[in-house]
Amino acid sequence: RVNKGEALEIPKDKQDFFETLFFLQENYGFKHTQTSAANIDRLFSHTQKPFVDLPKWREQLDRVLLDLELRYDTIEVVSGDGGVHGAEPSCEYRDVFNLDVTSHYPTIVINFGLLGEKTPLFESIYKKRLELKAKKDDRTAQIEAGGLKIVLNTTYRVLNGDKGWFAIEDKTAGTFVCVYGQYTLCVLMRMLLDNGAKIIQINTDGVMFAGIDEATI
């Protein structure tokens, strides 16, 4: 309970959260009375529904998965609703590398214009986050980058919704992001295998591997 005119003291463990919230309110019009999803829906509501050839990319994904199964001695790769997955059940390696795709799903949203006329706004937020994230010693920049990560990731979740609650819901576009993301990651895995890598794990937006040197990568 806070009396009128009395300063509100925010616990230290909550300060980052509130600073992130204030940043989104001041810069992107977020309303604290709405959920993140509702704020995202209002921010990116668009009228130009993009066309994506989902059957084509499902077929491409199936082809590369079959290729990995038949032509390579490697881990079993499973395609799922959230991403592609696979791992060695038990292993020990030296000189292990982990390739992580930066903002994998948001990049697909941008490249295919999946938010219609609001895609440039989404892209500007994506670029701003990378700029802030690079300032590793700047606490304020890291807090703001964390806020923009919430924007980017929540946008994909709302886009992929099928409840009919939000205007930007587009299940076809959302599923396409996941399918195309899996396809590109499997292609990356195949390129690594072709260069002699031993795949340890593949998971949504990254591949862990050993057996080749950094120069080859």
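Definitions and cut-offs
- Residues numbered from 1 in each chain as written.
- Predicted model: local features only at pLDDT ≥ 70, side-chain atom pairs only at ≥ 80, totals over all residues.
- Heavy atoms only, no water.
- Helix = DSSP H or I, 4+ residues; strand = E, 2+ residues; numbered from the N terminus.
- Contact = heavy atoms within 4.5 Å.
- Areas by Shrake-Rupley, 256 points an atom, 1.4 Å probe, with all protein chains shown as cover.
- Lys, Arg positive; Asp, Glu negative; His and termini not counted.
- Charge placed at Lys NZ, Arg CZ, Asp CG, Glu CD.
- Expected span 1.5 Å × (residues − 1).
- Buried < 20%, exposed > 50% of the residue type's maximum accessible area, 1.4 Å probe, protein only.
- Pairing = 2+ DSSP bridges.
- Axes fitted to C-alpha atoms, helices over the stretch in contact; angles between N-to-C directions.
- 1 Å grid on protein atoms, 1.4 Å probe; cavity = no way out; pocket = protein on both sides within 12 Å on 5 of 7 lines; lining within 4 Å.
- Points joined across faces, edges and corners; volume = space filled by probe spheres on them.
- Nonpolar A, V, L, I, M, F, W, Y, C, P; charged D, E, K, R; others polar.
- Phe/Tyr/Trp six-rings, centres within 6.5 Å; stacked < 30°, edge-to-face > 60°.
- Core = buried A, V, L, I, M, F, W, Y, C linked by side-chain atoms within 4.5 Å.

Asks: Mind laying out the overall build of the protein, listing which residues take part and the relevant values?
Replies: Scanning the protein from N- to C-terminus turns up seven helices and five strands. Taken along the three principal axes of its C-alpha coordinates, the protein extends 70 × 40 × 30 Å. Counting only contacts in the protein whose residues sit at least 6 apart along the sequence, the fraction spanning at least 24 positions is 63%. When the accessible surface of the protein is summed, it comes to about 13,000 Å², and 49% of that surface belongs to carbon and sulfur atoms. When the 26 positive and 32 negative side-chain charges of the protein are each reduced to one mean point, those points stand 7 Å apart.

Asks: An account of helix α7 (residues 171-194) is requested, with residue identities and associated values reported.
Replies: Across its 24 residues, α7 extends 35 Å between first and last C-alpha, which sits within 8% of the 34 Å expected from 1.5 Å per residue. Burial analysis of α7 places 17 of its 24 residues in the buried class, the great majority of the element. Two residues or fewer after α7 comes Gly-196, characterised by a positive phi angle close to 95°.

Asks: Outline the sheet that holds strand β3 (residues 97-100), listing residues and values.
Replies: Judged by pairing direction, the sheet is antiparallel, and its five strands sit side by side in the order β1-β2-β4-β5-β3 without closing on themselves. The sheet is open, and its two edges are formed by β1 (78-79) and β3, each paired on a single side. Where strand β4 (residues 198-203) and strand β5 (residues 206-210) come together, five bridges link them in antiparallel fashion. Of the residues in β5, the one forming a bridge with Gln-201 is Met-208. Relative to the sheet, α7 contacts β1, β2 (84-87), β3, β4 and β5, its axis offset from that of β4 by approximately 170°.

Asks: Explain the layout of surface pockets residue by residue, including any values.
Replies: For the largest pocket, the calculated volume is near 330 Å³. In this structure, the largest pocket is lined by 17 residues; those nearest its centre are Ser-103, His-104, Pro-106, Asn-153 and Asp-205. For the lining of the largest pocket, the secondary-structure elements that each account for two or more residues are α4 (104-111), α5 (119-133) and α6 (139-159). With five residues, α6 is the single largest residue contributor to the lining of the largest pocket. Taken together, the residues of the lining of the largest pocket break down into five nonpolar, six polar and six charged. Estimated volume of the second largest pocket: approximately 160 Å³.

Asks: Could you give me a rundown of α4, with the residues and numbers involved?
Replies: Within α4, six of the eight residues are buried, which leaves it mostly tucked inside the rest of the structure. Among all positions of α4, only His-104, Tyr-105, Pro-106, Ile-108, Val-109 and Ile-110 are buried. Check the buried side of α4 and you find it contacts α5, α6 and α7. Positive backbone phi, approximately 60°, marks Gly-113, located one or two places after α4.

Asks: So what about the packing of aromatic side chains? Which residues, and what values?
Replies: Under the criterion given, the structure shown has 10 aromatic pairs. By way of ring pairs, the aromatic residues Trp-57, Phe-112, Phe-176, Tyr-180 and Tyr-183 are connected into one cluster.

Asks: With reference to specific residues and values, describe the nonpolar core.
Replies: Core analysis: the largest hydrophobic core is formed by 57 residues, its most contacted members being Phe-44 and Val-77. When sequence neighbours within four positions are dropped, the list of residues in contact with Phe-44 reads Leu-115, Lys-118, Leu-121, Phe-122, Ile-125, Val-151, Thr-155 and Ile-168.

Asks: Quick rundown of the environment of Ala-87? Include the residues and the values.
Replies: Counting through the fold element by element, Ala-87 comes out in strand β2. Counting along the chain gives 18 residues from Ala-87 to Tyr-105, while the straight-line C-alpha distance between them is 21 Å. Dropping the residues within four chain positions of it, Ala-87 is found in contact with Ile-75, Glu-76, Ile-200 and Gln-201.

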